[in-house]
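Residue-level listing of the chains:
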Amino acid sequence: MVESYWVKDLGLAEQGSRKVGMAETSMPVLRLLAKRYSDERPFDGFTVSACLHITKETAVLVKALREGGAKVSLCASNPLSTQDDVAAFLASDGFQVYGFRGMSRRDYYNAIRMCLSHGPDLTIDDGADLVATLHQAAAVDTEPLKHAVDRVVGGTEETTTGVNRLKAMEREKVLRYPIVAVNEALSKSLFDNPLGTGQSALDGVMRATNVLLAGKNVVVCGYGRVGSGIAERARGLGARVIVVEPD
Ligand SMILES: NC(=O)c1ccc[n+]([C@@H]2O[C@H](COP(=O)([O-])OP(=O)(O)OC[C@H]3O[C@@H](n4cnc5c(N)ncnc54)[C@H](O)[C@@H]3O)[C@@H](O)[C@H]2O)c1
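What counts, and where the lines are drawn
- Sequence order as written defines the numbering, with residues in each chain counted from 1.
- Local features are withheld for residues below a pLDDT of 70 in this predicted model, meaning they are given only at 70 or higher, and side-chain atom pairs are given and counted only at 80 or more; totals for whole chains, interfaces and linings count all residues.
- To get the side-chain values, take all heavy atoms of the structure and skip hydrogens and water.
- UniProt positions are given in the numbering used here, feature names are shortened, and annotations may be inferred rather than shown by experiment.
- The domain limits used here are those given by an automatic or database domain assignment.
- The rule is short: rings of Phe, Tyr and Trp, with Trp giving its six-membered ring, pair when the centres are within 6.5 Å, and they are stacked under 30 degrees, edge-to-face over 60, tilted in between.
- By definition, any uninterrupted DSSP run of H or I lasting at least four residues is a helix, any uninterrupted run of E lasting at least two residues is a strand, and each is numbered from the N terminus.
- Categorising residues by exposure relies on relative accessible area from a 1.4 Å probe, with only protein chains included: less than 20% of the type maximum marks a residue as buried, more than 50% marks it as exposed, and the intermediate range marks it as partly exposed.
- Whether two residues are in contact is decided by their heavy atoms, any of which lying within 4.5 Å being enough.
- Any two strands with at least two DSSP bridges between them are considered paired.
- Here a crossover is taken to be right-handed if, once the strands point away from the viewer, the path from the first strand over the helix to the second is traced clockwise.
- Fitting a line to C-alpha atoms yields each axis, with helices limited to the stretch in contact; the angle taken between N-to-C directions then spans 0 to 180 degrees.
- Put simply, angles under 35 degrees are roughly parallel, angles over 145 are roughly antiparallel, angles from 65 to 115 are roughly perpendicular, and the rest are oblique.
- Take the far helix as your reference; a near helix turned counterclockwise from it by less than a right angle gives a left-handed crossing, and one turned clockwise gives a right-handed crossing.
- Three classes are used, and their members are as follows: Ala, Val, Leu, Ile, Met, Phe, Trp, Tyr, Cys and Pro are nonpolar, Asp, Glu, Lys and Arg are charged, and the others, Gly among them, are polar.
- By convention in these notes, a residue is near a molecule or strand provided one of its non-hydrogen atoms lies within 4 Å of it.
- Distance and chemistry together define a polar contact, namely a pair of N or O atoms within 3.5 Å, with one atom able to donate a hydrogen and the other to accept it when in protein, and with adjacent residues in sequence counting only for side-chain atoms on both sides.
- For every accessible area listed, the method is Shrake-Rupley and the probe measures 1.4 Å; residues are considered covered only by the protein chains on display.

- The protein has the name Adenosylhomocysteinase in an unreviewed UniProt entry, where Caldiarchaeum subterraneum is given as its organism.
- The Sequence similarities (unreviewed entry) comment attached to the protein in UniProt states, word for word, "Belongs to the adenosylhomocysteinase family."
- Its UniProt record, at the heading Cofactor (unreviewed entry), says of the protein: "NAD(+)".

As for the domain arrangement of the protein
Next up, step 1: Structurally, the protein comprises domain 1 (5–184) and domain 2 (189–244).
Next up, step 2: The straight-line distance from the C-alpha centre of domain 1 to that of domain 2 is 29 Å.

Comments concerning the packing of aromatic side chains
Next up, step 1: Applying the stated criterion to the full structure yields 3 aromatic pairs.
Next up, step 2: Seen in terms of ring centroids, tryptophan 6 and phenylalanine 100 are 5.3 Å apart; in terms of plane orientation they differ by 75 degrees. Their pairing is edge-to-face. Of this pair, tryptophan 6 sits in strand β1 (residues 5–6) while phenylalanine 100 sits in the loop between β4 (96–98) and α5 (105–116), placing them 94 residues apart in sequence.
Next up, step 3: With relative accessibility at 25%, the residue tryptophan 6 sits in the partly exposed group.
Next up, step 4: For phenylalanine 100, a relative accessible area of 17% gives the class buried.
Next up, step 5: For the pair tyrosine 108 and tyrosine 109, a centre-to-centre distance of 5.0 Å together with 85 degrees between the ring planes defines the contact as edge-to-face.

Considering helix α4 (residues 84–92)
Helical periodicity: at 3.6 residues per turn, an α-helix aligns residues three or four positions apart in one direction.
Next up, step 1: Of all 9 residues in α4, 8 are buried, a share of seventy percent or more.
Next up, step 2: All of the buried residues in α4 are Asp84, Asp85, Val86, Ala87, Ala88, Phe89, Leu90 and Ala91.
Next up, step 3: Packing partners of the buried residues in α4 comprise β1, α1 (13–25), α3 (56–67), β3 (71–76) and β4.

Overview of the pairing of strand β9 (residues 240–244)
Next up, step 1: Relative to β9, strand β8 (residues 217–221) runs parallel, the two sharing 5 bridges. Its bridge partner being in β9, valine 219 is matched across the sheet by isoleucine 242.
Next up, step 2: The handedness of the β8 to β9 crossover, carried by helix α11 (residues 225–236), is right-handed.

Quick look at the packing of helix α10 (residues 192–209) against α11
How two helices sit against one another is set out by the angle between their axes and by the gap between those axes.
Next up, step 1: Contact pair α10 / α11: the axes reach a minimum separation of 7 Å and the direction vectors enclose 60 degrees. In terms of orientation, α10 lies oblique with respect to α11. Relative to α11, α10 is oriented so that their crossing is right-handed. Mapping the contact onto sequence places Asn193, Pro194, Leu195, Thr197, Gly198, Gln199, Ala201 and Leu202 in α10 and Arg225, Val226, Gly229, Ile230, Arg233 and Ala234 in α11.
Next up, step 2: Across the contact of α10 with α11, the residue classes tally to 7 nonpolar, 5 polar and 2 charged.

Remarks on the site of the ligand
Next up, step 1: Every one of the 14 residues lining the ligand counts as a neighbour, but Thr161, Asn193, Arg225, Val226 and Glu245 are closest to it.
Next up, step 2: For the ligand, an oxygen atom lies 3.5 Å from a polar atom in the side chain of threonine 160.
Next up, step 3: Between the ligand and arginine 225, the relevant distance is 3.0 Å, taken from an oxygen atom to a main-chain nitrogen or oxygen of the residue.
Next up, step 4: Taken by itself the ligand offers 860 Å² of open surface, and the protein chains cover 50% of this.
Next up, step 5: Of all the secondary structure elements, the ones that give two or more residues to the shell around the ligand are α8 (160–171), α10 and α11.
Next up, step 6: Of the residues contributing to the shell around the ligand, the split by class is 5 nonpolar, 6 polar and 3 charged.

Have a look at this one:
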């Protein structure tokens, strides 16, 4: 019997709940969808296993899926991005959630396996670790995960890296179910990559180094969706931007 959650400290739930409430106010589209789903119940009877950054925004997403009738299990797609208070909130709100900030590589994959043990009909992935684990289990595992992949009818993958991994699996004819390459939707790559990652990548550099960008030389390697967003933002902050791009 798998634990119904694996989080750092349930005592952080109230703080997490406030954060999720704050995120909800900036996510009007998902709020609208949640309202519609609560009438239409498109996911009634479906179990969704999601491997995503466990953040307040993901919490709004999984709540919307539940409004639509889904049973949701969630694990971390990165051992360093989990917001422990949000994970605690989700666990206390009845979600099967597995992840805490700073988990080891071994715990990270254990968490994915716990998430998958709920028997998904649909998967939501961010980097393809969940899908890879599911397929690997089918190849080498004994129960309970060995046949889990047979039940899955479809999934989504949102990252460039994950889509590349899945395309490689498809080429090798080992991918067992269809997956929507969300990263290739214009509504993702034209917005999330340049605007979201364009901001968060710079934000990470600034937090880690505490440097003032104005007057610095910034070299951006690759002027694609993400790189162009980073370059534009770095220039806006006063940096001298150099782009390296072979295309
Ligand atoms: N962490 C995140 O939130 C996040 C989000 C989106 C993308 N990414 C990552 O960012 C990277 C770029 O994603 P994207 O959506 O902008 O892809 P993209 O395909 O739009 O852009 C990649 C660019 O890099 C260029 N390039 C390829 N090889 C190069 C080389 N050797 N030197 C310099 N440039 C080179 C390509 O010509 C292309 O213009 C990927 O690795 C992706 O996984 C991360």
